Amino acid sequence: MDNLNLINSFSEFKELKNIDKATMVSVLEDVFRNMLIKTYETDENFDIIINLDKGDFEIWRNRIVTADDEVEDENAQISLTDAKQIDPSYEVGEEVAEEIKLSSFGRRSVLSLRQNLASRILDLEKANLYNTYKERIGEVITGEVYQVWKKEILVLDDEDNELVLPRSEQIPNDFFRKGDTIRAIVYRVDMRNNNPVIILSRTAPEFLERLFENEVPEIFDGLISIKKIVRIPGERAKVAVESYDERIDPVGACVGMKGARIYSIVRELRNENIDVINYTSNTQLLIQRALNPAKITSITLNEEDKSAAVHLKPSEVSLAIGKGGLNIKLASMLTGYNIDVYRDTEEEEDDVDLNEFKDEIEEWIIEEFKKIGCDTAKSVLKYSVEDLVNLTDLEEETVEEVVGILKSEFE
């Protein structure tokens, strides 16, 4: 292997991976010095000159001319006879600089040098990829789907680096084919078996935040701040925003004219419903806004266990809870309070409070119904068994049993 090929291989790598020149020179010199130490047991008297621009390098060995019978260290000294073979004008005490050709090290040493260089290049590539993406955590990237597997998707970026989008970080309604363009956030960078693994996410709240920054100039410019985002990916999200300019309506700016700004975000998130609300430090008002579109009668806060008892008219209960309980769940996540809803009813004379059934229904089951605003027998019976299963964490068999007990009360 000649000098030119060795340098060219490194130059090609530099162009592809953007490794700086100083780092390349340092790696090359280190690799050569390791070879010198293996061959001569030292590298102290050698100069290595590397010219990346020209694609070549030189190795020079420096020794002092010594009388033939006084040479003690062949690495530091050269006999007068050997020196004169290089140049007849050399005299004792002068310094001799002799160029060492790569071919003189032998095939095995050159092969070892090449393998060492390839290994160091690979390490540089890994370190560069790791550091590059470590700095890009939280940034939205656009890539091309290269492989689709059951548990993850392999994505290629603009420089053909491999990125991974696990199934757990995909929106439930996501469906991609090879060759599709995909947008996701750089979620984290792991090291596995000394290899960097870049993990992407489309379910992280930060992904939704970046999409808002891209679509809403006021957020990008810092005029509007996103205070908090909570999501159930692919289903629903709540975004609390605040304006630093009283002339700007933060909710209106985020939604856009006729919903134009938020539409592209909803489409990217597979029709995930997004509620944008005005942030406030007033907890009761924040809970009220978080439970929109339900109209709340009153709220009682318990600061010790961070809970809120919300009272509503019977017609508003289902709105507060939302389909599958999503609205109240997200409101709790957004406000940091465990929210329980209660019906403000002018109870029918023959209705019965659920607590009256404690002898027949376990107390924890009654509490599950109260969480969805059902605190009387008839308020439970207004729902179908299927709806009650969806709204609570109870099994269908348990719900059917409770419904049977409550119905028997009115028969």
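These notes cover the structure that comes with them. (Residues numbered from 1 in each chain as written. Predicted model: local features only at pLDDT ≥ 70, side-chain atom pairs only at ≥ 80, totals over all residues. Heavy atoms only, no water.)

### What about the overall build of the protein chain?
In terms of regular secondary structure, the protein chain is built from 15 helices and 15 strands. In terms of overall size, the protein chain is more extended than a compact globule, its C-alpha atoms giving a radius of gyration of 36 Å where 411 residues would be expected to give roughly 22 Å. Taken along its principal axes, the extent of the C-alpha atoms in the protein chain is 125 × 55 × 45 Å. Buried positions account for 44% of the 411 residues belonging to the protein chain. Nonlocal contacts in the protein chain, meaning residues at least 24 apart in sequence, comprise 59% of its contacts between residues at least 6 apart. For the protein chain, the accessible area works out to roughly 23100 Å², and carbon and sulfur atoms hold 43% of it. Counting 50 positive and 86 negative side-chain charges, the protein chain places the centres of these two groups 5 Å from one another. (Helix = DSSP H or I, 4+ residues; strand = E, 2+ residues; numbered from the N terminus. Rg over C-alpha atoms; globule rule 2.2 N^0.38 Å. Buried < 20%, exposed > 50% of the residue type's maximum accessible area, 1.4 Å probe, protein only. Contact = heavy atoms within 4.5 Å. Areas by Shrake-Rupley, 256 points an atom, 1.4 Å probe, with all protein chains shown as cover. Lys, Arg positive; Asp, Glu negative; His and termini not counted. Charge placed at Lys NZ, Arg CZ, Asp CG, Glu CD.)

### Concerning the pattern of salt bridges
For the coordinates displayed, the defined rule picks out 23 salt bridges. When the shortest N-O distance is used, the salt bridge between Lys-238 and Asp-275 registers 3.0 Å. With Lys-238 in strand E11 (residues 236–243) and Asp-275 in strand E12 (residues 273–278), the pair connects residues that are 37 residues apart, well separated along the chain. With a relative accessible area of 0%, Lys-238 lands in the buried category. Residue Asp-275 is classed as buried on the basis of its relative accessible area of 18%. Among the salt bridges present, the one from Arg-247 reaches Asp-245, with a minimum N-O distance of 2.9 Å. (Salt bridge = Lys/Arg side-chain N within 4 Å of Asp/Glu carboxyl O.)

### Let's talk about the sheet that holds strand E13 (residues 296–302)
The pairing of strands in a sheet happens through backbone hydrogen bonds and is either parallel or antiparallel. The mixed open sheet is built from three strands, whose spatial order is E13-E14-E15. Among the strands making up the open sheet, the edge pair consists of E13 and strand E15 (338–343). Each strand of the sheet is rotated relative to its neighbour by a mean of 20 degrees, with strand direction disregarded. As paired elements, E13 and strand E14 (residues 307–312) share six bridges and run antiparallel to each other. What sits directly across from Ile-296, in E14, is Leu-312. (Pairing = 2+ DSSP bridges. Axes fitted to C-alpha atoms, helices over the stretch in contact; angles between N-to-C directions.)

### Some points on the packing of aromatic side chains
According to the stated counting rule, one finds one aromatic pair in the structure shown. Note on Tyr-40 and Phe-46: the rings are 5.0 Å apart at their centroids and 35 degrees apart in plane angle, and the pair reads as tilted. For the pair Tyr-40 and Phe-46, a shared accessibility class is recorded, and that class is buried. For the cation-ring pair, Lys-178 lies above Tyr-146, with the distance from its terminal atom to the ring centre recorded as 5.0 Å. Sitting over the ring of Tyr-279, Lys-227 keeps its end group 5.3 Å from the ring centre. (Phe/Tyr/Trp six-rings, centres within 6.5 Å; stacked < 30°, edge-to-face > 60°. Lys NZ or Arg CZ within 6 Å of the ring centre and 35° of its normal.)

### A closer look at the sheet that holds strand E10 (residues 224–232)
Ordered by their spatial adjacency, three strands build an open sheet running E10-E11-E12, and the pairing between neighbours is mixed. Only two strands of the sheet have a single partner each, and these edge strands are E10 and E12. Direction aside, the axes of adjacent strands within the sheet are offset by 20 degrees on average. The pairing of E10 with E11 spans eight bridges and is classified as antiparallel. Its bridge partner lying in E11, Lys-228 is registered against Ala-240. The sheet strands contacting helix H11 (residues 326–335) are E10, E11 and E12, and the helix crosses E10 at an angle near 135 degrees.

### Digging into the packing of helix H5 (residues 205–215) against helix H8 (residues 260–268)
A pair of packed helices is characterised by two quantities: the angle between their axes and the separation of those axes. In contact at an axis separation of 10 Å, H5 and H8 are set at 145 degrees when each is read in the N-to-C sense. Helix-helix and strand crossings are classified by hand; for H5 and H8 the assignment is right-handed. Facing Phe-207, Leu-208, Leu-211, Phe-212 and Glu-215 of H5, the residues of H8 in contact are Arg-261, Ile-262, Ser-264, Ile-265 and Glu-268. (Left-handed = near helix turned anticlockwise from the far one by under 90°.)

### Details of the nonpolar core
Leu-291, Val-310 and Phe-369 are the most contacted members of the largest nonpolar core, which totals 45 residues. In this view, Val-310 contacts Ile-287, Leu-291, Ile-296, Ser-298, Ile-299, Ile-339, Asp-340, Val-341 and Tyr-342; residues no more than four positions away in its chain are not counted. Grouped together as the second largest cluster of nonpolar side chains are 26 residues, Ile-219, Ile-226, Cys-254 and Leu-269 included. (Core = buried A, V, L, I, M, F, W, Y, C linked by side-chain atoms within 4.5 Å.)

### What to know about the side chain of Asn-327
Following the sequence through the fold, Asn-327 ends up in helix H11. We classify Asn-327 as buried; its relative accessible area is 0%. Only 3.4 Å separates the side chain of Asn-327 from the backbone oxygen of Leu-291, close enough to count as a polar contact. Contact partners of Asn-327, with chain neighbours within four places excluded, come to Arg-236, Lys-238, Asp-275, Ala-290, Leu-291, Asn-292, Leu-319, Ala-320, Ile-321 and Gly-322. (Polar contact = N/O pair within 3.5 Å; in protein donor to acceptor, adjacent residues only side chain to side chain.)

### Description of a negative patch on the surface
Residues Glu-362, Glu-386, Asp-387, Glu-395, Glu-396, Glu-397, Glu-400 and Glu-401 make up a contiguous surface patch of negative charge. Broken down by element, the negative patch gets its largest block of residues, four residues, from helix H15 (residues 396–410). Mapped onto the fold, Glu-396 is located in helix H15. Taking the relative accessible area as the measure of exposure, Glu-396 reaches 47% and is therefore partly exposed. (Patch = residues over 30% accessible without salt bridge, like charges linked within 9 Å, V, L, I, M, F, W, Y side chains within 5 Å.)

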